[in-house]
Amino acid sequence: MDRIVFLGTGGARNVMTSQVLSTGGFILEIKKTLLSVDPGPGAVLRAAQEKIDISRLDGVLISHRHLDHCGDVNVMIEAMTRGGFKKKGMVFAPRQALKDDPVVLNYLRNYVGNIQPIEGLKLYRCSDLEFKTSMPHKHGDAETYGFIFYGDDYTLSYIPDTGYFNKLSEFYRSDISIISTLMLRRNKNVDHLSVPDVISLIKEHKPRAAILTHFGMQIYKAGVDIVADKISQATGIKAIAAKDGLVINLKELLTSDS
Ligand SMILES: [Zn+2]
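Computed from a prediction, not measured in an experiment: that's the story for all the values here.

A. Region of the structure containing helix H10 (residues 224-235). Spanning 12 residues, H10 covers 17 Å between terminal C-alpha atoms, matching the ideal 16 Å at 1.5 Å per step. Packing partners of the buried residues in H10 comprise helix H8 (195-205), strand E12 (209-213), helix H9 (217-222) and strand E13 (238-241). Downstream of H10 by a residue or two, Gly 236 has a phi angle that is positive, lying close to 75°.

In structure tokens:
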């Protein structure tokens, strides 16, 4: 079964350090490939709570080197490689996260089958799962990419942290879109998507369903379901607020809307 398991739905400093929402990113299982995406703090704990065997991971994928996206990457690598006793799996991350100010510890790098620096607009493969990177996002000085994953007969996009820019919707056309919805209101000084940005984006790229995650404190306080309802009403497209521990069966989601 192709699915997403949310190990966390929080983002940004205040939510990460208070853990009012967990910040473990999510696990993707598509075409029998198990991938940990943006394992921020809490990913390992949450995986254990959700009974996901992370020693089965085929890869770890990091969109950028901010802590709420990679705090648990090293423990994930330990788990994936059984503490280095089984050299396997892949780690994908922007060059900045591997070289300039690395987030993957050197002594763990030999444990991994392959460490792959990612660049914009390229195709990559982890076991049977292919994915494409986006153009560089607008996210301060953090080298950041989003992704389109190719299922059998559908596409799934993941739009991590970015300020809004025009080309986003063109790239992210897909059947299902996971969108980092960090801020309630627009603030042009902050490179993050706000609710009005997410509404514009969904109206433009028209996914069949949108899954919102990576909520900041304002959205947490406003109520994530209330925000998702507002986005659904404004766009006419089903928007689901992810919850810590939520499991989404991707094919079921696509059949339930037709
Ligand atoms: Zn970030």
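B. How the structure looks around helix H4 (residues 73-80). Summarising burial for H4: 6 of the 8 residues are buried, a large majority. Taken residue by residue, H4 has Val 73, Asn 74, Met 76, Ile 77, Ala 79 and Met 80 as its buried positions. Taken from the residues just after H4, Arg 82 is the one with a positive phi, measuring 50°.

C. Structural detail: the pairing of strand E3 (residues 33-37). Among the 5 residues that make up E3, 5 are buried, leaving the element largely enclosed by the rest of the structure. Bridge count between strand E2 (residues 23-30) and E3: 5 bridges; the pairing is antiparallel. Looking at E3, one finds that Leu 28 is bridged to Leu 35. Where E2 folds back onto E3 in an antiparallel hairpin, the turn is made up of 2 residues, including Lys 31, whose phi is positive at roughly 50°. Looking at chain direction, E3 and strand E4 (residues 59-61) are connected through 3 bridges and run parallel. Within the sheet, the bridge partner assigned to Val 37 lies in E4 and is Leu 61. In terms of handedness, the path from E3 via helix H2 (residues 43-49) over to E4 forms a crossover that is right-handed.

D. Up close: the nonpolar core. Ranked by internal contacts, the top residues of the largest apolar core, which has 30 residues, are Ile 4, Leu 28, Phe 149, Leu 156 and Ile 211. With residues near it in sequence (within four places) discarded, Phe 149 still touches Leu 28, Ile 30, Leu 35, Leu 61, Leu 129, Glu 130, Phe 131, Tyr 154, Thr 155, Leu 156 and Tyr 158. The next biggest cluster of nonpolar side chains, apart from the first, holds 28 residues, and it includes Ile 148, Ile 159, Ala 210 and Phe 215.

E. Fine view of the coordination of the zinc ion. Around the zinc ion, the protein contributes the donor atoms His 64 (NE2), His 66 (ND1), His 139 (NE2) and Asp 161 (OD), which lie 2.1 to 2.3 Å from the metal centre. Each of the 4 donor atoms bound to the zinc ion contributes to angles spanning 89 to 172°, and the resulting shape is irregular. For the zinc ion, the single-chain donor residues occur in sequence as H-x1-H-x72-H-x21-D. Taken as a pair, His 139 in the loop between strand E8 (129-133) and strand E9 (147-150) and Asp 161 in the loop between strand E10 (155-159) and helix H7 (167-171) lie far apart in primary sequence, 22 residues in all. We note that His 139, like Asp 161, is buried.

The rules behind each value
Residues numbered from 1 in each chain as written. Predicted model: local features only at pLDDT ≥ 70, side-chain atom pairs only at ≥ 80, totals over all residues. Heavy atoms only, no water. Helix = DSSP H or I, 4+ residues; strand = E, 2+ residues; numbered from the N terminus. Expected span 1.5 Å × (residues − 1). Contact = heavy atoms within 4.5 Å. Buried < 20%, exposed > 50% of the residue type's maximum accessible area, 1.4 Å probe, protein only. Pairing = 2+ DSSP bridges. Right-handed = clockwise from strand over helix to strand, strands pointing away. Core = buried A, V, L, I, M, F, W, Y, C linked by side-chain atoms within 4.5 Å. Donors = N, O, S within 2.8 Å, 3.2 Å for Na, K, Ca; no water. Tetrahedral: all angles 85-135°; square planar, octahedral: opposite > 155°, others 65-115°.

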